[in-house]
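Reading the structure
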Amino acid sequence: MSASRPGVVAGLRQTATLAWRSLLQIRHNPWELGDFSIQPILFLLLFMFVFGGAIAGSTAEYLRFILPGVIVMNMVFVTVYVGYGLNTDLTRGVFDRFRAMPIARWAPLAGRIVADLVKQAWCILLLMAVGLLLGFRVEAPWPGVLAMMLLVLTVALAMSWIMVLVGVLARDPEHVQLFGFTALFPVTFISNVFVPVDTMPDWLQGAVMLNPVSLLADASRGLLLGGPVLAPALGALAWAVLLTAVFAPLSVWALNRRLARG
Amino acid sequence: MRTPRVRADSPAILAHGLRKAFGATRALAGVDLEVPQGSVVGMLGPNGAGKTTTVRILATLLVPDAGDAWVGGFHVHREAHAVRQLIGLTGQYASVDERLTGRENLLMIARLLGQSRAQARARADRLLETFSLAHAAGRAARSYSGGMRRRLDLAASLVGRPRILFLDEPTTGLDPRARLELWQLIRELVAEGTTVLLTTQYLEEADALADEIVVVDQGRVIASGTAEQLKAQVGARALVLVAADETEVAALQALLREISEREPQVEGRRLSVPAADAAVLRQVVRRLDEASLDVDEVTLRSASLDDVFLALTGHGAETPLP
């Protein structure tokens, strides 16, 4: 280590260490494991068995529709943990300890984001596995599963920037959760995650089909079951670029402002 | 792995005219500071005096509005990365991760500093042993007592063997026993040659640990020197009178002012004033007799740092200081 700033390689290694630390927290906080494991499965079972018969005629048929939807919905909710974790580090002083250490300036934030992408990937794999156990069949070519994962993770990364901003602006971790879930509920439910869009009134359909959650759910269905992929996938990616372009600089600016406040 | 050394002929910490405002609140109004290598300097002041802001600037967490500072000979802003390789920071805001175990916290920091897995494990075990945390090493820090948490905090800031250590109110909120334990640990560090800048609201703590004390109030250094020098500056002793009757407080105040040529501190029926020597006692008793004033108590005692602090920052601040 020299007196100059750490290089990219050192920064990446520090990011990995910090991501490892975020994942390690799960081991000592079993409720987090519940949030990332039990909750998504409960969502899937609940929607499938409670609504399946009414919406699709049978639970098996509804599983085809709802599994990609639940994967996307769960991804949206898990982004809240980026903000929650960042805010905890900021308010509890952990972030300041990192900043007083000779490590890359961007490593603490990058570590947090990488850890949450790992959690996201875990949730997707878990939901896919449970879905397959319940009788879900991948009808498109198998590489579609990988493409679906990458697409969902890309949008997750973009949406994480919104939660980074919330995490920076919120007074305490509880406010991050409150605000995060309050804002995300309508975004998730005014979408085609649970029901096909053509069952909704015309005036709502336009909004639903602009929603990145709908676009991502449609693209995921296409990738797993066959059907149109390109248009919804491009739409979802356009949203990802837009969200990143707006919220990444905004979050970094807000973070620096908060840190300069003392 | 090499870390930069403290530049040989520079003080461990040097600050000139540090100023900082947060919006309309002025936190620092021009702080000067010099800490020689290997010494312990205690910054003493009430809440809001600017102690934490000073430490945060020196630890590269904040950029001052004006003024310059060097730590180990490196500029805190322009050479921040070199400074970070020399310092350790423990404070209420630079904390450990409560959701990790004690050992994991230390491992994480060692790994961030570039130590190998084996080095990190050895360093963590050593520190856990030294700080009497080995029995709790596998428990989440959240479950630690206040004293254990502070010890872990201190251990965490020592992982990289810092040459200069900032301790921001290290014992605030601890019970007396935990405080004494932490003091002992700090003394051992100092014996190894670590330079320490300590902030505290406890006069006793500054007196117990610091070679030199810097008294800060309202963003300025208002006095500095050894505990002895500070006492000499405001009187080596304190004369305390307790009036027998509240109506006589004003008369006693005038009398003390005349004898000592300083403004007495008044708290209820209790008056105190710095005194140069014991001769003042005879004088006071004679004048009390002449004026037929009754007192419940007359005491002449060695000045505590409390007296120093009150004289410097309380009403006594009106008194021109040498």
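To be clear, the structure that these remarks concern was listed above.
Values in this document were obtained by computation on a predicted structure and should not be read as measured data. (Residues numbered from 1 in each chain as written. Chains lettered and ligands numbered in written order. Predicted model: local features only at pLDDT ≥ 70, side-chain atom pairs only at ≥ 80, totals over all residues. Heavy atoms only, no water.)

Here the focus is the overall build of chain B. Summing up its helical and strand segments, chain B has 11 helices and 14 strands in all. With respect to the three principal axes, the spread of C-alpha positions in chain B is 80 × 45 × 35 Å. The buried share of chain B, taken over its 322 residues, is 55%. In chain B, the share of contacts with a sequence separation of at least 24, taken over all contacts with a separation of at least 6, comes to 68%. Accessible area for chain B stands at about 14100 Å²; split by element, carbon and sulfur atoms hold 46% of it. Between the centroid of the 38 positive side chains of chain B and the centroid of its 41 negative side chains there is a distance of 11 Å. (Helix = DSSP H or I, 4+ residues; strand = E, 2+ residues; numbered from the N terminus. Buried < 20%, exposed > 50% of the residue type's maximum accessible area, 1.4 Å probe, protein only. Contact = heavy atoms within 4.5 Å. Areas by Shrake-Rupley, 256 points an atom, 1.4 Å probe, with all protein chains shown as cover. Lys, Arg positive; Asp, Glu negative; His and termini not counted. Charge placed at Lys NZ, Arg CZ, Asp CG, Glu CD.)

With that settled, consider the pattern of salt bridges. Residues and elements named next belong to chain B. Throughout the structure, instances matching the rule amount to 22 salt bridges over all chains. In this structure, Lys20 engages Asp65 in a salt bridge whose closest nitrogen and oxygen atoms are separated by 3.6 Å. Remark: Asp65 occurs in the loop between helix H1 (51-58) and strand S4 (66-71) and Lys20 occurs in strand S1 (residues 13-22); sequence separation between them is 45 residues. For Lys20, a relative accessible area of 8% translates into the label buried. In this structure, the salt-bridge partner of Glu290 is Arg286, at a minimum N-O distance of 3.8 Å. (Salt bridge = Lys/Arg side-chain N within 4 Å of Asp/Glu carboxyl O.)

Take helix H10 (residues 212-225) of chain A next. Residues and elements named next belong to chain A. Over its 14 residues, H10 runs 19 Å from end to end, which matches the ideal 20 Å to within 8%, given 1.5 Å per residue. Burial analysis of H10 places 13 of its 14 residues in the buried class, which makes it a mostly covered element. Following H10 by one or two positions, Gly226 has its phi on the positive side, about 90°. (Expected span 1.5 Å × (residues − 1).)

A word on the interface of chain B and chain A. If you look at the interface, chain B gives 36 residues, while chain A gives 36 residues. Carbon and sulfur atoms make up 55% of the surface buried where chain B meets chain A, a total of about 3200 Å² over both sides. Its largest share of buried area at the contact with chain A, chain B owes to His81(B), Arg99(B) and Leu112(B), together 26% of the area lost on that side. Taken together, the connections running from chain B to chain A amount to 4 salt bridges. (Buried area = accessible area lost by both parts, 1.4 Å probe.)

The next point concerns the environment of Trp239(A). Residue and element names in this part refer to chain A. Note on placement: Trp239 falls in helix H11 (residues 230-260). Judged by its relative accessible area of 29%, Trp239 falls in the partly exposed class. Each C-alpha atom of the pair Trp239 and Ala158 lies 8.3 Å from the other, and the pair is 81 residues apart in sequence. For Trp239, the side chain forms a polar contact with the main-chain oxygen of Leu210, separated by 2.9 Å. (Polar contact = N/O pair within 3.5 Å; in protein donor to acceptor, adjacent residues only side chain to side chain.)

Residue and element names in this part refer to chain A. As for its placement among the helices and strands, Gly83 is situated in helix H4 (residues 80-92). When the C-alpha positions of Gly83 and Pro173 are compared, they lie 7.9 Å apart, and in sequence the two are 90 residues distant. Excluding residues within four positions of it along the chain, Gly83 makes contact with Met163, Gly167 and Val176.

Taken as a whole, this structure holds 10 aromatic pairs over all chains when the rule is applied. Residues Phe77(A) and Phe185(A) carry aromatic rings whose centres are separated by 5.1 Å and whose planes lie at 50° to one another, so their mutual orientation is tilted. With Phe77(A) in helix H3 (residues 59-78) and Phe185(A) in helix H8 (residues 173-189), this pair connects stretches of sequence that are 108 residues apart. For Phe185(A), a relative accessible area of 39% translates into the label partly exposed. Members of the aromatic cluster, each reached through a chain of ring pairs, are Phe43(A), Phe47(A), Phe51(A), Phe77(A), Phe181(A), Phe185(A), Phe189(A) and Phe194(A). The ring centre of Phe65(A) lies 3.7 Å from the NZ or CZ of Arg221(A), which sits over that ring. Across the ring face of Tyr202(B), the terminal group of Arg179(B) is positioned such that the distance to the ring centre comes to 4.0 Å. (Phe/Tyr/Trp six-rings, centres within 6.5 Å; stacked < 30°, edge-to-face > 60°. Lys NZ or Arg CZ within 6 Å of the ring centre and 35° of its normal.)

On to the sheet that holds strand S14 (residues 295-302) of chain B. Residue and element names in this part refer to chain B. On the basis of which strands lie adjacent, the open sheet formed by 4 strands has the order S12-S13-S11-S14 and antiparallel pairing. Because the sheet does not close on itself, it has two edges, and the strands there are strand S12 (265-267) and S14. Averaged over all adjacent pairs, the angle separating strand axes in this sheet is 15°, with direction ignored. Sheet analysis places strand S11 (residues 237-243) next to S14, joined by 7 bridges and oriented antiparallel. Paired with Ala238 across the bridge in S14 is Arg301. Of the strands in this sheet, S11, S12, strand S13 (270-275) and S14 are in contact with helix H9 (residues 249-260), which crosses S13 at around 0°. Contacts from helix H10 (residues 279-291) reach S11, S13 and S14 within the one sheet, and its direction differs from that of S14 by about 165°. (Pairing = 2+ DSSP bridges. Axes fitted to C-alpha atoms, helices over the stretch in contact; angles between N-to-C directions.)

Turning our attention to the pairing of strand S7 (residues 164-168) of chain B. All names here are of chain B. The buried fraction of S7 amounts to 5 of the 5 residues, a majority that puts the element mostly inside the structure. Judged by which residues are buried, S7 turns out to be covered on both faces: Ile164, Phe166 and Asp168 on one side and Leu165 and Leu167 on the other are all buried. Two elements, strand S6 (residues 87-90) and S7, share 4 bridges in a ladder whose sense is parallel. Each bridged residue has a counterpart across the sheet, and for Thr90 the counterpart in S7 is Leu167. In the sheet, S7 pairs with strand S8 (residues 195-200) via 5 bridges, with the strands oriented parallel. Looking at the pairing, Leu165 lines up with Val196 of S8. Taking the sense of rotation as the criterion, the β-α-β connection linking S7, helix H6 (residues 176-191) and S8 turns out right-handed. (Right-handed = clockwise from strand over helix to strand, strands pointing away.)

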